[in-house]
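What follows is each chain in one-letter form.
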Amino acid sequence: LSAWSDTDRGSACSRGWMPRIRIPAPTRTGRGQALLEGGAQRILEPSFTQWDGNWHLVLYSLPEKSRAARHTLRTQLTWLGLGRLAAGAWISPHNRAKELAGIFSDLKISGNVELFCGRYQGFKTARELVRICWDMDDLADHYRDFIARYEDEYRECCENHRQGRPLDPQFC
C-alpha cells in the first residue's frame, strides 16, 4: 500500500477492490524531532570554508557494561561528522561541543568523556590525518550515488525556484 499514491488507493477503494482503511499519520517523539532538526541544521549550515587550524577531540572510556551506550555514542559521533582517530578518540575540525554535550547527557556518560580543542603537533599533514580518520573514497562514492539519485529532482526544484513556483510538499 505504501507504494500507491492516495489517488491510486482511493480509486481501488471506490471500485471495491480493497476496503477503505484509515491510516493514522505518523507522530514524532521528542527525540525523533530533535534528530530531524539537527539533521536539517547540519544540512543547511553555512559551508565550512575557513578553518582556524584547531582540532576538536573527544576522548571516552566506557566500561563493558555500557556497551550499548558506547555503540550509540559512536553512531552519534559519526552522524556529527567526527572521524575515528583511535579507539575512544574522535576528532573534528568543527566545534560540536554543544551537540556533544546533549549526547553525553542523554547517554548519561558525561563523567566518562573528555573534550579538547587544539592544534595538531604530529608529523602528518592535515590531509594525511583526514585520510586516517575518514574513509574519503567511501564518502565520495556515497556523494556520487546521492547526486545520481537526486540530481533530476534538484534541477527541477532549482527551475521551479527560478520561475517563482513554490515547492510541492509532496515532492519533498
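Refer to the structure printed above.
Residues numbered from 1 in each chain as written. Predicted model: local features only at pLDDT ≥ 70, side-chain atom pairs only at ≥ 80, totals over all residues. Heavy atoms only, no water.

A. Inspection of the overall build of the protein at higher detail. Within the protein, the secondary structure is distributed over six helices and four strands. Ordered by position from the N terminus, the helices and strands of the protein form the series α-α-β-α-β-β-α-β-α-α. Sorting the 172 residues of the protein into buried and exposed places 22% on the buried side. Considering only contacts within the protein whose residues lie at least 6 apart along the sequence, 63% involve residues at least 24 apart. Carbon and sulfur atoms provide 55% of the accessible area of the protein, an area that totals close to 13,600 Å². (Helix = DSSP H or I, 4+ residues; strand = E, 2+ residues; numbered from the N terminus. Buried < 20%, exposed > 50% of the residue type's maximum accessible area, 1.4 Å probe, protein only. Contact = heavy atoms within 4.5 Å. Areas by Shrake-Rupley, 256 points an atom, 1.4 Å probe, with all protein chains shown as cover.)

B. Just the nonpolar core, in detail. Ranked by internal contacts, the top residues of the largest apolar core, which has 15 residues, are Val58, Tyr60, Leu73, Leu77, Phe104 and Ile109. Put simply, the parts of the chain that give this core at least two residues each are β1 (54-60), α3 (67-79) and α4 (97-107). Looking at this core element by element, the count peaks at four residues for α4. With residues near it in sequence (within four places) discarded, Phe104 still touches Val58, Leu73, Ile109, Ser110, Val113 and Leu115. Counting residues in each nonpolar core, the second largest holds five residues, with Trp55, Ile91, Leu129 and Cys133 among its members. (Core = buried A, V, L, I, M, F, W, Y, C linked by side-chain atoms within 4.5 Å.)

C. Spatial organisation of a nonpolar patch on the surface. A contiguous nonpolar patch, built from Leu139, Tyr143, Phe146, Ile147 and Tyr150 and spanning about 520 Å² of accessible area, is present on the exposed surface. Residue class for Tyr150 comes out partly exposed when judged on its relative accessible area of 37%. (Patch = residues over 30% accessible without salt bridge, like charges linked within 9 Å, V, L, I, M, F, W, Y side chains within 5 Å. Salt bridge = Lys/Arg side-chain N within 4 Å of Asp/Glu carboxyl O.)

D. Highlighting unusual backbone geometry. Of note in this structure, Lys108 is not a glycine but carries a positive phi near 55°. Residue Lys108 is classed as exposed on the basis of its relative accessible area, which comes to 73%.

E. Broad picture of the pattern of salt bridges. Counted according to the given criterion, the structure contains eight salt bridges. Note that Arg162 is salt-bridged to Glu159, the shortest N-O span being 2.6 Å. Pair noted here: Arg162 and Glu159 are both in helix α6 (residues 136-162), with a separation of three residues, about one helical turn. By relative accessible area, which is 30% here, Glu159 ends up partly exposed. Each of Glu64, Arg67 and Arg70 takes part in salt bridges that share partners, so that together they form one network.

Interpretation in functional terms is not warranted from these geometric data alone.
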